[in-house]
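As a plain string of letters, each chain reads:
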Amino acid sequence: MSSLPRRAKVKVQTAVPIDEFSSFSELSSASEEDDKEDSAWEPQKKVPRNAKQPVCKESKPKRVPRGKKNTLKISDGSEGVVVKELNSSVLIADVDLEDRKNKLDTVQTLKTAKTKRKNSAQSPSAPRTKKLKVGEETNKASNFKSESNNTETPSTSTLWEGACKKEEDEDGCTSDQSPLKKIKTESCPQGQPVRFPANASNVVEEAEMNWDIVQVLSERTNIEPWVCGNIIRLFNDDNTIPFIVRYRKELINNLDADYLREVQQTLEELRAVAKKVRGTIQKIKKEGKMSECLLRALLNCKTFEELEHVSAPYKTGSKGTKAQRARQLGLEEAARTLLENPGMLNLLSYIQPSVKGLSTLQDIETGVQHILADMIAKDRETLDFIRKLCQNRYISIQSSLAKVSSKKVNEKDVGKFHLYQNFSCNIRNIQHHQILAINRGENLKILTVKVNIPDGVKNEFCRWCIQNRWRPRRFARPELMKILHNSIDDSFKRLIYPLLCREFRAKLTSDAEKESVMMFGRNLRQLLLTNPVPGRTLMGVDPGYKHGCKLAIISPTSQILHTDVVYLHCGQGFQEAEKIKRLLLNFNCSTVVIGNGTACRETEAYFADLIMKNYFAPLDVVYCIVSEAGASIYSVSPEANKEMPGLDPNLRSAVSIARRVQDPLAELVKIEPKHIGVGMYQHDVSQTLLKATLDSVVEECVSFVGVDINICSEVLLRHIAGLNANRAKNIIEWREKNGPFINREQLKKVKGLGPKSFQQCAGFIRINQDYIRKLCSSQHTESAGSSQRVAVTSPAGVEVTSEKPGKKKSKTAANVVLKPDPLDQTCIHPESYNIAMRFLSFIRGTLCEIGKPEMQQKIKSFLEKEGIEKLAERLQTTVPSLQIIIDGLSQPESFDFRTDFSQPDFKRSIVCLQDLQVGTILTGKVENATLFGIFVDIGVGITGLIPIRNVTEAKLSKTKRRRSLGLGPGERVEVQVLNIDVPRSRITLGLIRVL
């Protein structure tokens, strides 16, 4: 069912005076999923205004004008800020919207453009947004056909939905948008958003709670509320992290992708809690056990632990708590009387000898005690006090060896946890890796873990309860005060202390898991962005003993030239050396890539010895060691079989090892991220969170590097923001059927690639202009006299040709002759092409000069005179958007920002462990980064460890300083040997500097 009647209903009901409405505006979600959830939530039982009879389908057109009457324009005291209504119900403020209309990049048909100008003339006071956010295919635009004409201050979404509906009715052609799409659009505010007033960042979620999701999200992530509000709205509009980080910087205050992922995870947690609360309320209501007090307690829950604590007594199948059983005996009135008017309480009157639990005075006192303990443990003010009290006290987590561990667990496993067999640490100082280690030991039944809260906390808590919160209102006899004292002691020991322990453990574990996953993500990003080594012929070696070393020689374009097997460690090393030399000379290959698996050290020594003897002359051969993690898994996967049919899986591993140096990103995306092996405790953390984070990191890396749409593989393409396996497959099929893509506009012809997907992916897709120019020149001569057509050239370089009227259009109809657009080879998004062209006219540059020194000089001299802020104002755009345009025009055609990252460490000789001495200074390559230290390969067969305390900001270069102070895999460092433990094969290193 469409959400339109509900939307109109909300607007009518929430009409308030201007001074109250200026801080927020409410709007319910328009998605079908939200409708389903709303119907399950039964809001009519909770909010009386929603209990009206649902509007039938025929009455929808009549409801729309009613909703629009309450759309207000805030003109007094708002300083040019327009509060807009959004489908996601998140408030986004934008400034100077009226001056930024010229930045709309979607080129409509000629008739639609005229209609749009006419509508603008009729309502000159209507604020305009500068960008059109285009969603996926939807039919909802038809519901808003007339909204843009009648509303005093229409939202951008409504304004453009009306325009899109009119375009659908026209038969004209478009050059920048597909004319065949029904477009779902969202407003796309730009510019530095103003901060919301104190109450303007409210977000109306589906499940209404007693807390504001924006405020709680801001508190948990330490990000300003207006930024959190913008982030929620951007995610609700199905924007991807790469798109937001690159093209919506001003809305997120220039946060990086890691912060954005952190906010997204926290947001999902809060929504999951709200959803579970909603389900719990529904379940308890159905059982008829809901009370006003319980409802308030449930709606106050912000974590799963709080919800579990409140809802546990009401679970189906539970025999009930002690307090519940006492209430069933009718003792709740006695407990309340003890607090409110103890002089009137006579416990003897409750004695019923024939009823179990009421037969003696002791039973009645115990029952009253249980009810009071339950009331204390569920009181919000009491829980807030004890939590605040614990924040200022020494709360420790302790672990010890379990009593039964020696009987059931391997002694070798017990030895791994010797550091934690008598361990104690303040919960505020404990490290994340220590929490994960303790949890693993507890799961293996090796360790026993407890949280220690000092007795002083309990004593102060009991004193506060007696003197303040739970003090009887009138004089109470000593025997009644004894019951109250016992209730408070029982409540703390039996209910509150276990709750605090669960909360502390859950918080520590959650933080440790998040940091572990984030560390895995940072390592993965560093590994994926390793500087490629293009233009070389490489020999990949997958070492082995019995089954030999597998060889694969690949060309500079990653084509397999030769595969072979040599047996270097079975007494045939000399004979095999001739074969290797012959292969290297035949294919002019001077770089050997050795996998770091079994027999790696021996294979490295073998090649190092031949190189030192100058055996491969006249070739100057070098070698490097590369991680082969995941290569074996990939070699037997369906993707590998499709890519290398008929090749032995063992030889596929050698091919993969070589390609990891030639183009690490293109090769590593073929492997499931968790198999790459650069994490820490990856099997102990939430696998759902780990997969989501790693997939997001891969998408970020592939998108930021960009792909050439005409040569990239399907596997690489599916990791572009806005695309998935299905869309990537459709793109490859379209390319095989219709030939190369001429410009980005052709992506709109691909099946399943709607306007929203195009918006998300377009900026990350590149089209090589040299290749396209050659292709177009050859095609132009062939089709010069093929047919007579009337063409209109659009600003985007697209020739739109007229066809016979009445001919049915389809998405693949060949009614558009596309020309190459040099901007398609840059990181500039198509929505900014108009601004880029105006910028070029300002600096008197041309598209032919993109990436050349002449363009760089023109931009530099113009910015020196004008200044980027003033220029952004003239172009009616934001500084981040203008900076992307400047970067795109300045960067060379083959620019790859991975050149800023480290290349593999090529070597000619080998170092042995016996050659090391304390104080020796070496260079090495980071293999893995953990929360307790950095593992560095210094070429001796085992990795050395730099303790995390030695990694300080002063030792990192300015470009390497980041919030984690972390070094990632692949980075080259200069280290000093601090300690060598030969029996345990451990080397401790000190970081000198990052190279």
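Residues numbered from 1 in each chain as written. Predicted model: local features only at pLDDT ≥ 70, side-chain atom pairs only at ≥ 80, totals over all residues. Heavy atoms only, no water.

1. Thoughts on the sheet that holds strand S8 (residues 538-542)
Phase 1: Across the sheet, which stays open at both edges, the 5 strands sit in the order S10-S9-S8-S11-S12 with mixed pairing between neighbours. Of all the strands in the sheet, the pair left with one neighbour each is strand S10 (560-566) and strand S12 (622-626). Each strand axis lies, on average, 20° off the axis of its neighbour in the sheet, ignoring direction.
Phase 2: Direction of pairing for strand S11 (residues 591-595) relative to S12: parallel, over a ladder of 5 bridges. Considered in S12, the bridge of Ile594 is made with Ile625.
Phase 3: The strands touched by helix H24 (residues 573-586) within the sheet are S8, strand S9 (549-554) and S10, with S10 carrying the most contacts at an inclination of about 175°. (Pairing = 2+ DSSP bridges. Helix = DSSP H or I, 4+ residues; strand = E, 2+ residues; numbered from the N terminus. Axes fitted to C-alpha atoms, helices over the stretch in contact; angles between N-to-C directions. Contact = heavy atoms within 4.5 Å.)

2. Some thoughts on the pattern of salt bridges
Pairing of side chains with opposite charge becomes possible as their charged atoms draw close.
Phase 1: Counted under the stated rule, the structure contains 43 salt bridges.
Phase 2: Notably, a salt bridge pairs Arg233 with Asp237, separated by 3.3 Å at the nearest N-O pair. As far as burial versus exposure is concerned, Arg233 and Asp237 are alike and both buried.
Phase 3: We note a salt bridge from Arg296 to Glu292, for which the minimum N-O separation is 3.9 Å. Of this pair, Arg296 and Glu292 both sit in helix H13 (residues 292-299), 4 residues apart, which is roughly one turn of that helix.
Phase 4: Overall, Arg296 belongs to the partly exposed group, its relative accessible area being 43%.
Phase 5: If you follow the salt bridges from partner to partner, you end up with Arg327, Glu332, Arg336, Asp374 and Lys378 in one network. (Salt bridge = Lys/Arg side-chain N within 4 Å of Asp/Glu carboxyl O. Buried < 20%, exposed > 50% of the residue type's maximum accessible area, 1.4 Å probe, protein only.)

3. Remarks on the nonpolar core
Phase 1: Val277 and Leu717 are the most contacted members of the largest nonpolar core, which totals 107 residues.
Phase 2: Ranked by the residues each element gives to this core, the list is headed by helix H12 (residues 257-287), at 10 residues.
Phase 3: Filtering out sequence-adjacent residues up to four positions away, Leu717 remains in contact with Val707, Ile709, Cys712, Leu723, Ala728, Ile731 and Ile732.
Phase 4: By size, the runner-up hydrophobic cluster in this structure holds 85 residues, among which are Leu347, Cys501, Val926 and Val977. (Core = buried A, V, L, I, M, F, W, Y, C linked by side-chain atoms within 4.5 Å.)

4. Comments concerning the pairing of strand S20 (residues 943-947)
Phase 1: Pairing geometry for strand S19 (residues 933-937) and S20, over 5 bridges, is antiparallel. Each residue of the ladder has a partner; that of Phe935, found in S20, is Leu945.
Phase 2: Hairpin geometry of S19 and S20 is characterised by an intervening segment of 5 residues between the two adjacent antiparallel strands and by a positive phi of about 85° at Gly939.

5. Thoughts on the sheet that holds strand S7 (residues 447-452)
Phase 1: Strand order across the open sheet formed by 3 strands is S6-S5-S7, with antiparallel pairing between neighbours. Every interior strand has two partners, whereas the edge strands, strand S6 (422-426) and S7, have only one. Strand-to-strand twist in this sheet, taken as the mean axis angle between neighbours without regard to direction, amounts to 15°.
Phase 2: In the sheet, strand S5 (residues 396-401) pairs with S6 via 5 bridges, with the strands oriented antiparallel. Residue Ser396 lies in a different strand from S6, and its bridge partner there is Asn426.
Phase 3: Set on the sheet, helix H21 (residues 432-443) makes contact with S5, S6 and S7; between it and S7 the angle comes to about 125°.

6. So, the confidence of the model for the protein
Phase 1: Of all residues in the protein, 72% attain a pLDDT of 70 or more, and the chain-wide mean is 75.
Phase 2: Below pLDDT 50 for its whole length, residues 1-201 participates in 372 contacts with residues either more than four positions away or in separate chains.
Phase 3: Confidence drops under a pLDDT of 50 for residues 784-816, and excluding neighbours within four residues, the segment shows 53 contacts in the predicted structure. (pLDDT = per-residue confidence, 0-100.)

7. Points about the packing of H24 against helix H25 (residues 600-612)
Phase 1: Viewed as axis vectors pointing N to C, H24 and H25 meet at an angle of 70°, and their least axial separation amounts to 12 Å. What the angle tells us is that H24 and H25 run roughly perpendicular. Here H24 and H25 pass one another in a crossing that is right-handed. Residues Gly573, Glu576, Ala577 and Ile580 of H24 touch H25, and the partners they reach there are Tyr606, Phe607 and Leu610.
Phase 2: Considering only residue class, the contact of H24 with H25 consists of 5 nonpolar, 1 polar and 1 charged. (Parallel < 35°, antiparallel > 145°, perpendicular 65-115°, else oblique. Left-handed = near helix turned anticlockwise from the far one by under 90°. Nonpolar A, V, L, I, M, F, W, Y, C, P; charged D, E, K, R; others polar.)

8. Examining unusual backbone geometry
Most peptide bonds take the trans configuration, and most residues that are not glycine carry a negative phi.
Phase 1: Residues Ala617 and Pro618 are joined by a peptide bond in cis, for which omega reads 10°.
Phase 2: With a phi angle near 70°, Ser558 is a residue other than glycine that sits in the positive phi range.
Phase 3: The residue Ser558 is located in the loop between S9 and S10 in this model.
Phase 4: Here Ser558 falls in the partly exposed class, since its relative accessible area comes to 23%.

9. Focus on the pairing of S8
Phase 1: Taking burial as the measure, the 5 residues of S8 include 5 buried ones, the bulk of the element.
Phase 2: Sheet analysis places S8 next to S9, joined by 5 bridges and oriented antiparallel. Along S9, the bridge assignment pairs Met539 with Ile553.
Phase 3: Once S8 ends, the chain turns through 6 residues before running back antiparallel as S9, passing Gly548 with a positive phi of about 80°.
Phase 4: Sheet analysis places S8 next to S11, joined by 4 bridges and oriented parallel.

10. Some thoughts on the environment of Ile560
Phase 1: Along the polypeptide, Ile560 turns up in strand S10.
Phase 2: Sequence-wise, Ile560 and Leu538 are 22 residues apart; in three dimensions their C-alpha atoms are separated by 10.0 Å.
Phase 3: Once residues lying within four places of it in the same chain are set aside, the contact partners of Ile560 are Ile553, Ile554, Met644, Leu647, Val655 and Arg659.

11. Some thoughts on helix H35 (residues 833-843)
Phase 1: Within H35 the residues assigned to the buried category are Tyr833, Ile835, Ala836, Phe839, Leu840 and Ile843. Buried positions in H35, seen along its axis, are confined to an arc of 155° and lie on one side of it.
Phase 2: Buried residues along H35 sit against helix H36 (853-866), helix H37 (868-874) and helix H38 (879-890).
Phase 3: Two residues or fewer past H35, Arg844 is found with a positive phi of approximately 60°. (Arc of directions from axis to C-beta.)

12. So, the UniProt feature "coiled-coil region" (unreviewed entry) in the protein
Phase 1: When the UniProt feature table is mapped to this numbering, "coiled-coil region" (unreviewed entry) covers residues 260-287.
Phase 2: Annotated as residues 260-287, this span is 100% helix and 0% strand, and its ends, taken at the C-alpha atoms, are 41 Å apart. (UniProt positions renumbered as here; feature names shortened; annotations may be inferred.)

13. Observations concerning the environment of Leu889
Phase 1: Locating Leu889 in the fold gives a position in helix H38.
Phase 2: Between the alpha carbons of Leu889 and Glu849 there is a distance of 8.3 Å; along the sequence they are 40 residues apart.
Phase 3: Every residue in contact with Leu889, bar those within four places of it in the chain, is listed here: Leu823, Ile828, Phe839, Leu840, Ile850, Gly851, Met855 and Ile859.

14. What about the packing of H12 against helix H14 (residues 304-311)?
Phase 1: Packing of H12 against H14 brings their axes to within 10 Å, and their N-to-C directions diverge by 15°. Accordingly, the angle class assigned to the pair H12 and H14 is roughly parallel. Judged by the twist between their axes, the crossing of H12 over H14 is right-handed. Seen from H12, the contacting residues are Ala272, Val273, Lys276, Val277 and Thr280; seen from H14, they are Phe304, Leu307 and Ser311.
Phase 2: When grouped by side-chain class, the residues that make up the contact of H12 with H14 number 5 nonpolar, 2 polar and 1 charged.

15. Focus on the packing of aromatic side chains
Phase 1: Taken as a whole, this structure holds 11 aromatic pairs when the rule is applied.
Phase 2: Taking the centre distance of 5.6 Å and the plane angle of 80° together, the rings of Tyr615 and Phe616 count as edge-to-face. Phe616 shares its class with Tyr615; the two are buried.
Phase 3: Ring-pair connections join several aromatic residues into one group, and the members of that group are Phe243, Tyr247, Phe704 and Phe764. (Phe/Tyr/Trp six-rings, centres within 6.5 Å; stacked < 30°, edge-to-face > 60°.)

16. Re H36
Phase 1: The end-to-end C-alpha separation of H36 is 20 Å, in line with the 20 Å expected for 14 residues at 1.5 Å each.
Phase 2: The complete set of buried residues in H36 reads Met855, Ile859, Phe862 and Glu866. The arc that holds every buried residue of H36, seen down its axis, measures 70°, which confines them to one face. Pointing more than 90 degrees away from the buried face of H36 are the exposed residues Pro853, Gln857, Glu864 and Lys865.
Phase 3: The secondary structure elements touched by the buried residues of H36 are H35, H37 and H38.
Phase 4: At the exit of H36 stands Gly867, carrying a positive phi of roughly 90°. (Expected span 1.5 Å × (residues − 1).)

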